[in-house]
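Architecture and fold: a report
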Amino acid sequence: EAQTGPASSAERAYEYVKERLLDGRYAGRTLLSENELARRLGISRTPVRDAFSRLEAEDLLALYPRRGALVVPISSSEADDLLEARMLIEPHCARRVAAYHADIGPALQRSISDQESALRIGGAGFIASDRRFHRMIVAANDNELLLRQYDFLRDRHQRIAATTIAREPARVERFIAEHREIARAIARGDADRAGDLMAVHLRTAHTLAQRPPC
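The paragraphs below set out a description of the structure included in this document. Source: prediction; values computed, not measured.

Turning to the layout of surface pockets, a few remarks are in order. Considered as a void within the structure, the largest pocket measures approximately 440 Å³ in volume. Along the walls of the largest pocket sit 20 residues, with Gly28, Ile74, Thr163, Arg167 and Ala209 positioned nearest its centre. Taken together, the elements giving at least two residues each to the lining of the largest pocket come down to helix 4 (76-100), helix 8 (154-167) and helix 10 (191-210).

Following this line, the structure appears as structure tokens:
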């Protein structure tokens, strides 16, 4: 039986809120209530407050005493910073993997099949499968420092991906098609094309995420 003490309650509240922050269910500028979340989770307000404090430290929430916690929206500068970081890592890794680890091709194809399945099911599954595809390419480069830097960007990557898909859900099919083209270039060992396709893919997603809501 799962633990039900204060620590486990705070962890449960943290995971519950963070999951919804990262997949877009709690949109930027949403005000979250300690009381409401405590009732929903069947716990006291204290572990919810602890969870909010952790998420504030991660720059995902801003706390307002006696009012609740405001979901920090993704700023244009944050999105730009993330794009710059990803552009330094991912096209480079795509080129290196195509040149030296093209045997990752079948694994990338399986990842694309997972993305297609997630698209049919709907919900937040595509966001997770999208991230796994990109991480697989970075990991295949066998550079632990780059992989650690990439993983540090995980939460921001996931939030922006959720925003992008919310802007234009139909665009997911095109994302998958772009992934397929990247995977083919890697499998062929075409390093320059793999890197170029990755760069275009990242810029396209960034541009879409920056569009104002309809």
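Structure's up, so let's keep going.
For the rest of this paragraph, the subject is the pairing of strand 3 (residues 68-71). In this structure, strand 1 (residues 31-32) lies alongside strand 3, joined through 2 bridges in antiparallel fashion. In the sheet register, Leu32 faces strand 3, and the bridge partner there is Ala69. Note that strand 2 (residues 61-64) and strand 3 share 4 bridges and pair antiparallel. Residue Leu61 lies in a different strand from strand 3, and its bridge partner there is Val71. With antiparallel pairing between neighbouring strands as the criterion, strand 2 and strand 3 make up a hairpin whose turn holds 3 residues, including Arg66 at a positive phi of roughly 70°.

Glancing now at the nonpolar core. Membership of the largest hydrophobic core comes to 40 residues, with the highest contact counts inside it found for Leu108, Phe126, Phe133, Ile137, Ile182 and Ile186. Excluding residues that lie within four positions of it along the chain, Ile186 makes contacts with Ala94, Val97, Ala98, Ala102, Ile104, Leu108, Ile137 and Ala194. Core analysis: the second largest hydrophobic core is formed by 19 residues, Tyr14, Leu32, Ile43 and Leu61 among them.

What counts, and at which threshold
- Residues numbered from 1 in each chain as written.
- Predicted model: local features only at pLDDT ≥ 70, side-chain atom pairs only at ≥ 80, totals over all residues.
- Heavy atoms only, no water.
- 1 Å grid on protein atoms, 1.4 Å probe; cavity = no way out; pocket = protein on both sides within 12 Å on 5 of 7 lines; lining within 4 Å.
- Points joined across faces, edges and corners; volume = space filled by probe spheres on them.
- Helix = DSSP H or I, 4+ residues; strand = E, 2+ residues; numbered from the N terminus.
- Pairing = 2+ DSSP bridges.
- Core = buried A, V, L, I, M, F, W, Y, C linked by side-chain atoms within 4.5 Å.
- Buried < 20%, exposed > 50% of the residue type's maximum accessible area, 1.4 Å probe, protein only.
- Contact = heavy atoms within 4.5 Å.

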